[in-house]
Amino acid sequence: IIPRFSLRLGCSPPSSLMANTFPFERVVVTGGAGFLGSRVVDKLKLRGCPNIFVPRRSEYDLVEVENVRRVYRDTNPDAVIHLAAVVAG
């Protein structure tokens, strides 16, 4: 899903797009439990996003196409922020 505009976290949102609320009701954040993703989820909460879903690999292994379809079916998101990655450090 491609959002209708680009959200730059950390910057004030354009007043024409949102007053005190985030413009999307249901947002999926892949990697939302990780280092960067957890901060993005926090920012979404601060912006008033009411429904944030963070898929966990144990339930939705998004490497498998059917699991990607299932996460879309289960959540019906307005926007997806994809931050999931396999990293070593």
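How each quantity is defined
- Residues numbered from 1 in each chain as written.
- Predicted model: local features only at pLDDT ≥ 70, side-chain atom pairs only at ≥ 80, totals over all residues.
- Heavy atoms only, no water.
- Helix = DSSP H or I, 4+ residues; strand = E, 2+ residues; numbered from the N terminus.
- Expected span 1.5 Å × (residues − 1).
- Buried < 20%, exposed > 50% of the residue type's maximum accessible area, 1.4 Å probe, protein only.
- Arc of directions from axis to C-beta.
- Contact = heavy atoms within 4.5 Å.
- Pairing = 2+ DSSP bridges.
- Axes fitted to C-alpha atoms, helices over the stretch in contact; angles between N-to-C directions.

Another aspect to go through is helix α1 (residues 35-46). Helix length check: α1, at twelve residues, gives a terminal C-alpha distance of 17 Å against a target of 16 Å (1.5 Å per residue), a fit within 8%. Listed as buried for α1 are Gly37, Val40, Val41 and Leu44. Seen from one end, α1 has its buried residues packed into an arc of 100 degrees, which puts them on one side. Of the exposed residues in α1, the ones pointing more than 90 degrees away from its buried face are Phe35, Lys45 and Leu46. Along its buried surface, α1 packs onto β1 (26-30), β2 (51-53) and β3 (79-82). Looking one or two residues beyond α1, the residue adopting positive phi is Gly48, at roughly 90 degrees.

Across the sheet, three strands lie side by side as β2-β1-β3; this open sheet has parallel pairing. Whereas interior strands pair on both sides, the edge strands pair on one side only; in this sheet they are β2 and β3. Across the sheet, the mean angle separating the axes of adjacent strands is 20 degrees when strand polarity is ignored. Taken together, the three bridges between β1 and β2 define a ladder with parallel strand orientation. By the bridge assignment for β2, Arg26 is matched with Asn51. Contacting β1, β2 and β3, α1 runs over the sheet at an angle of about 165 degrees to β1.

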